Amino acid sequence: MGQSRSGRPQDAFGKRARKEGYPARSVYKLEEIDRRVRLFRQGLRVLDLGAFPGSWLLYAAERVGGNGYVLGLDIQEHRAALPKNAEFRHADIYEVSPDSLGGAQSYDVVMSDMAPNTTGHRNLDQLRSFELYMRALEIADTMAKPGGSFVGKIFQSGDFPKAKAATQKLFEKVRIIKPEATRSESFECFLVGLGRR
């Protein structure tokens, strides 16, 4: 049995990702979210926050097609080949501005699979996850077009209701999704905002 980047034995999703040419099993979380809420269609512009190692970026690029565009940002370098409708930039999400990303309200979908480097201290990891989620939502507030969508990963904690309430202020509908590909021991889930106000 192969191993994942974390050193854990690869499960069925990990093996499938490898077989289908995706860098990580996380692609199937986005695929399920897309299937359930119809996140992508041809020609959309997508901003992918925390894009490394690139599975979400590749999936979104496939779904939006040649007339669409996907921009991925991450503090880690990405050197793998990308399709023509996708771009990767080395960037700190705490330092990016609308001008550096193409201007305010430039994207139909803003998505974030960001997670903190976990410490093993549950409360601290949950707090850091909440902070990353809120930063992603802040970027979506500026960058998502009216009617646009947002997907953000967050660890469930006492701050979760605050994150949900903040998302509801910006979007007409909010869904909570824990995809099947999420590891059973994980506290992560995704908040999905649809219909940017």
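For the structure, check the block above.
A brief report on the enclosed structure follows. (Residues numbered from 1 in each chain as written. Predicted model: local features only at pLDDT ≥ 70, side-chain atom pairs only at ≥ 80, totals over all residues. Heavy atoms only, no water.)

## Remarks on the overall build of the protein
Part 1 of the reasoning: Helix and strand counts for the protein stand at 5 helices and 7 strands.
Part 2 of the reasoning: On C-alpha atoms alone, the protein measures out to a radius of gyration of 16 Å, which is about the 16 Å that the 2.2 N^0.38 rule sets for 197 residues.
Part 3 of the reasoning: Referenced to the eigenvectors of the C-alpha coordinate spread, the extents of the protein come out at roughly 45 × 40 × 30 Å.
Part 4 of the reasoning: The buried share of the protein, taken over its 197 residues, is 53%. (Helix = DSSP H or I, 4+ residues; strand = E, 2+ residues; numbered from the N terminus. Rg over C-alpha atoms; globule rule 2.2 N^0.38 Å. Buried < 20%, exposed > 50% of the residue type's maximum accessible area, 1.4 Å probe, protein only.)

## Re the environment of Pro23
Part 1 of the reasoning: Looking at the secondary structure, you find Pro23 in the loop between helix 1 (12-20) and helix 2 (27-37).
Part 2 of the reasoning: On the basis of relative accessible area, Pro23 is assigned to the partly exposed category, the value being 28%.
Part 3 of the reasoning: Along the backbone, Pro23 and Trp56 are 33 residues apart, and their C-alpha atoms lie at a distance of 9.3 Å.

## Structural notes on the side chain of Asp48
Part 1 of the reasoning: As for its position among the elements, Asp48 is in strand 1 (residues 45-49).
Part 2 of the reasoning: One buried charge, Asp48, has no salt-bridge partner; the nearest side chain with opposite charge is Lys153, at 10 Å.
Part 3 of the reasoning: With residues up to four places along the chain from it excluded, the contact list for Asp48 reads Trp56, Leu57, Leu71, Gly72, Leu73 and Met111. (Lys, Arg positive; Asp, Glu negative; His and termini not counted. Salt bridge = Lys/Arg side-chain N within 4 Å of Asp/Glu carboxyl O. Contact = heavy atoms within 4.5 Å.)

## Some points on the sheet that holds strand 5 (residues 144-155)
Part 1 of the reasoning: Pairing within the open sheet is mixed, and its 7 strands lie in the order 3-2-1-4-5-7-6. On the outer flanks of this sheet lie strand 3 (86-90) and strand 6 (171-177), each paired with one strand and no other. Each strand of the sheet is rotated relative to its neighbour by a mean of 15°, with strand direction disregarded.
Part 2 of the reasoning: Where strand 2 (residues 69-74) meets strand 3, 5 bridges bridge the pair, whose relative direction is parallel. Residue Leu71 lies in a different strand from strand 3, and its bridge partner there is Glu87.
Part 3 of the reasoning: Where helix 2 meets the sheet, it contacts strand 4 (107-112), strand 5, strand 6 and strand 7 (188-196), and its direction lies at approximately 40° from that of strand 7.
Part 4 of the reasoning: Contacts from helix 3 (residues 55-64) reach strand 1, strand 2, strand 3, strand 4, strand 5 and strand 7, with the element oriented near 170° to strand 2. (Pairing = 2+ DSSP bridges. Axes fitted to C-alpha atoms, helices over the stretch in contact; angles between N-to-C directions.)

## Re the packing of aromatic side chains
Part 1 of the reasoning: For the structure shown, the criterion picks out 6 aromatic pairs.
Part 2 of the reasoning: Note on Phe13 and Tyr28: the rings are 6.0 Å apart at their centroids and 35° apart in plane angle, and the pair reads as tilted. Placement of the pair is Phe13 in helix 1 and Tyr28 in helix 2, with a sequence separation of 15 residues.
Part 3 of the reasoning: Residues Tyr133 and Phe150 carry aromatic rings whose centres are separated by 5.6 Å and whose planes lie at 70° to one another, so their mutual orientation is edge-to-face. (Phe/Tyr/Trp six-rings, centres within 6.5 Å; stacked < 30°, edge-to-face > 60°.)

## Quick notes on the pattern of salt bridges
Where charged atoms from two side chains of opposite charge come close, those side chains can pair.
Part 1 of the reasoning: A full pass over the atoms with the stated rule returns 15 salt bridges.
Part 2 of the reasoning: Close ionic contact of Asp113 with Lys153 constitutes a salt bridge, the shortest N to O distance being 3.2 Å. Taken together, the residues Asp113 in the loop between strand 4 and helix 4 (122-143) and Lys153 in strand 5 connect sequence positions 40 residues apart.
Part 3 of the reasoning: The salt bridge involving Glu188 is made with Lys153; its shortest N-O contact spans 3.4 Å.

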